[in-house]
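# Secondary and tertiary structure notes
Here are the chains, one letter per residue:
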Amino acid sequence: MAPRIVQIIASVLIGTFVILPLLAVWRQAEGTNSLGPADWSALRFTILQASLSAVLSCVLAVPLARALSRARFFGRDLIIKLLGAPFILPVIVAILGLIAVFGHNGWINLGLKSLGLGGFSIYGLHGILLAHIFFNLPLATRLILLGWETIPKERLRLSQSLAFTPVSRFCLIEWPMLKTVIPSALVVIFVICLSSFTVALALGGGPKSTTLELAIYQAFRFEFDFEKAAILGLMQMCLSLAAAYLALVFALTDQLGIGLDRNIHFGSLPIWQNIVDGVVIMLALMFLGLPLFLVLVNGLSSIASLPLPIWMAALRSVLIALGATALCLLIALSLLSRSGEVLATLGIAVSPLVLGTGLFLMARPFVNPFEISLAVTLLVNTLMALPFAVRILRPEMIQINANFNRLSLALGMSRLGWVRWVVWPRLRRPLGFAAGLTAALSIGDLGVIALFGDAERATLPLKLYQLMGSYRMEQAAGCASLLLLLSFGFFWIFDMWGRRNA
Amino acid sequence: MLEMQNLLLHQDGFKLLACVPYLGPKIYAVMGPSGAGKSTLLLALAGFMPLESGALYWQGQEITACRPAERPMAMLFQDNNLFPHLTAERNVALAVTQRKAVSLQTRKNIQTALARVGLGGLGSSKPGQLSGGQQSRVALARVLLQDKPILLLDEPFNALGPALKNDMLDLLQSLAQERQALVLMVTHNPQDALRIAQETLVVSDGTVSPPMPTAQLLAEPPSALAAYLGNNATRR
C-alpha cells in the first residue's frame, strides 16, 4: 500500500531502534566475564517460573474451556469476550488486586488466620505463578476453546449416535484435539512469562526468586553495574531468541481471534456434570474478577482526592500512549508485507527491558539518559505493540487487495480514490482495534520507565508501583482504579471509533 | 470491431493462443472445458495480464499497451463486482467520478441507469441489503454508466438461480442491443449460450477458435467440447 520509499524508511527505522540497542548491549558486555552464581540462578529461575506458569495455566484452562464450550447460560458470550481483557489490563493493577485477595492482609490470609491456620506469603515463586496464571489462564482458555470449536460437528453427532461414554468421547475426540492445541498454548505462555518484568518486579526479589530481567533492573538501578546489566541482557536476548524459535516451530492460530461463540452440543449432560461445569466457571470468575473488583471498590472513591503529582503522571502516561499509538500505526501501515511482518516481530523477540538497557547505553555519551526516559518509553511501547498492529491490519489489507484491486483498476481509480473509497473504509475497523490495543498496552506498561524514570518523569504505572512500595494502599487503590479506567477507556474509544459506520 | 492478432498468453506453464480476426457488435459466448483458459482470456483482454506476444486492436487502433481503465472495455468478474461498504448509488457513481460531490447531471444518469436495470429507489441500499440478483443489477448499472463499447462477463450470474439468471441474461441482451455493444460472456451452460449468443468462441487445447454459430456448434460439437458437454447437454 505505502510507496516503496516509505516502506524502506520504516524498515530502516525499526532496524535501527532494535539492532543498535542490542549492539550497544553486546559491546558493553564484551570482555567482561563476571557471571556469578547469582546470575546463573536468575537464568534457572526465569526458566523454572515460565515453565511452571505455562503448565499450570494450561492444566487449569482445560476444565474451564471444556465447561465454557458446552455450558449454555446467559452471559456466556460476554465471559468469553472478557477472557481477552487481560491482554490490555495493566499488570501492576492486577497485582494490586491479587495482593488484596492473596496478600498478607488479604481475604484468604485473614480467613486462614481466623481458622487458626498459618497464612502464606504472596511474595516469591508462588506469587509470581499466581499472577502469571491470572494473566495466562484466560489466554490458554481462549486457545483451547478455539480447539474445541474446530472439532467437526459431524464427529460430535457421530459420537452421540454411537452412544459414546464420556470416557471414550474424551479419548477419541477431545484428547486428539487437545494434543494439537496444548503444545502451542504452552509455548506462547512460556514465551510471555520469560520476559514478564512487572510481575517479577512487584512479587519477586531476593536471591531465591529473581528473574533475569529483575536482575538487569537491579544491576542497573541499584548497583550501577552496566557491564553486569549488559551480560544479563545478553542472556535474556539468547533466551528470547530461543523462545521465539520455539514459538515459530509451534506456529499457533490467531490468538486475538474473535468469534468463539459457537456452542458445542454434546447432547444432554447428566446433572452432576452441569454442576461441575457451573462450579468451575464460578471459581474461575471469582479468581479473575475478585481482584479487579476489589481494586475498584477500594479505589474508585479516592480517585477524586488523588494529589496533583499523580494526575501529572496520568497526563504523561496518556501523552505517551497517544504518541506511541500514532507512531505504531504509522509504521504498521507502511509495513503491511510479509517481510514487514517478520521485521515487526523483532520487537517482540527482544525483551523491552533489554531494548531499554541498550537505548540507555547508546544515549549515555550524549545526554543524561534520565532526561529522555519518556521518549524512550514511547519508542519501546511502539515497538512492543507493532507486531500486534501489523498482525491485525495485514490480513484485512491482503483481503482488500485480493478482492478489489482488479475492480479499482477497471474503474481507473487514482491512488487517492483507492485510499479514500476502498482502503480507508475497510481498514478503519481493524485500525481502531489496533489503536485501542496499542494505547491500552502503552498506558499500562511498567517496563523501561522503571529502569530510568525519576520522580519528575514518572508515568502512572510507576507512580502506582512506588505507592505500593511505600504501603500507601489507599492512594495506590485510587491510582490503580484511575489506570484501569484509562487503559480500558482508551481501548474502548478507539475500538468504537473503528466500528462506527463499519 | 475487435481483433486478436496472435495473442499468446503464458501463465504457470499454461499457454493459450488466440487469433480471432473479427468480432463485431454482437453477443458471443465463450465456452470450453474447465481450466482451458476462458477467464484467463478475458482477464488478458481487459488488461489485467501481460501478453507474451501478439497485439490487440479496437477499431483499427492498437490497444495492447493500454491500462485496464483506458481500454474500451468494462468487465464483470465472478464476484467482488461491488464495494460492500458503499451504497449502490456510490458504487455506480465510481464509474464516472471519485469525488465525493456528484454533479446533478451525473446523479440523474445514475438514477436512470438504476431505473433501467429495475432498481429505481434502491440507490441508498448497501450491497449486503440487496439480494444476489439485485447486486448483479447494480453492477450492470455501473457498466451502463461506464459506457464502454465492449463488455466482458466472467460468469457473473453464476450464483443466481435459473429464473433470476435468465432475467439477467435477457436484460443483458436488451442492453447490449440498445447500445450496439460487443459482449464476450464466459459460460459453461449451453442453454445460456443458446439463449442470447448467436455465436460462440471455443477455448480448448491451448487455442481460442474463431466464432461459430452457437446452435450449429452445439449440435455438432468438436471433440474437446463434446467431452466437456457430455451426451445430453444440448438436448432441449
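Residues numbered from 1 in each chain as written. Chains lettered and ligands numbered in written order. Predicted model: local features only at pLDDT ≥ 70, side-chain atom pairs only at ≥ 80, totals over all residues.

### Looking at the interface of chain B and chain A
Listed per partner, the contact involves 14 residues of chain B and 15 residues of chain A. The residue makeup of the side of chain B that touches chain A, split by class, is ten nonpolar, four polar and no charged. (Contact = placed C-beta atoms within 7 Å. Nonpolar A, V, L, I, M, F, W, Y, C, P; charged D, E, K, R; others polar.)

### Focus on the domain arrangement of chain A
Residues and elements named next belong to chain A. The domains assigned to chain A are domain 1 (1-31 + 303-502) and domain 2 (45-294). Contact residues are listed per partner, giving 33 residues for domain 1 and 30 residues for domain 2. For the side of domain 1 that touches domain 2, the elements supplying multiple residues, two or more each, are helix H1 (4-29), helix H15 (352-363), helix H17 (415-443), helix H18 (448-452), helix H19 (460-469) and helix H20 (473-499). It is H20 that provides the largest number of residues to the side of domain 1 that touches domain 2, a total of eight residues. (Domains from an automatic or database assignment. Helix = DSSP H or I, 4+ residues; strand = E, 2+ residues; numbered from the N terminus.)

### Observations regarding the nonpolar core
Residues and elements named next belong to chain A. The biggest cluster of nonpolar side chains holds 225 residues, and the ones touching the most others in it are Ile95, Leu96, Ala332, Ala389 and Ala434. Ranked by residue count, the leading element in this core is helix H16 (residues 373-410), at 18 residues. Here this core gathers at least three residues from each of two domains, domain 1 (1-31 + 303-502) and domain 2 (45-294). Non-local contacts of Leu96, meaning those with residues more than four positions away in its chain, are made with Val295, Met468, Ala476, Ala477 and Ala480. (Core = buried A, V, L, I, M, F, W, Y, C linked by C-beta atoms within 7 Å. Buried ≥ 20, exposed ≤ 12 C-beta atoms within 10 Å, placed from the backbone.)

### With respect to unusual backbone geometry
Residues and elements named next belong to chain B. Phi at Asp147 is positive, roughly 55°, even though this residue is not glycine. Position of Asp147 relative to the elements: it lies in the loop between helix H4 (132-146) and strand S7 (150-154). With 14 C-beta atoms counted inside 10 Å, the residue Asp147 sits in the partly exposed group. Look at Glu155: it is not a glycine, yet its phi comes out positive at around 50°. By secondary structure assignment, the location of Glu155 is in the loop between S7 and helix H5 (162-179).

### Digging into the pairing of strand S8 (residues 182-186) of chain B
Residue and element names in this part refer to chain B. Most of S8 is tucked away: five of the five residues are buried. Burial of S8 is two-sided: the residues Leu182, Leu184 and Val186 facing one way and the residues Val183 and Met185 facing the other way are all buried. Across four bridges, the pairing between strand S3 (residues 27-31) and S8 is parallel. Bridge pairing links Ala29 to Met185 in S8. Examined bridge by bridge, S7 and S8 share five bridges and lie parallel to one another. Bridge pairing in S8 places Ile150 opposite Leu182. A crossover connection joins S7 to the parallel S8 through H5; in handedness this β-α-β unit is right-handed. (Pairing = 2+ DSSP bridges. Right-handed = clockwise from strand over helix to strand, strands pointing away.)

### A word on H19 of chain A
Residue and element names in this part refer to chain A. Most of H19 sits out of view: eight of its ten residues are buried. Burial in H19 covers these residues: Leu460, Pro461, Leu462, Lys463, Leu464, Tyr465, Leu467 and Met468. The inward-facing, buried residues of H19 abut helix H4 (91-102), helix H9 (197-203), helix H13 (308-333), H18 and H20. Positioned one or two residues after H19, Tyr471 has a phi angle of 55°, which is positive.

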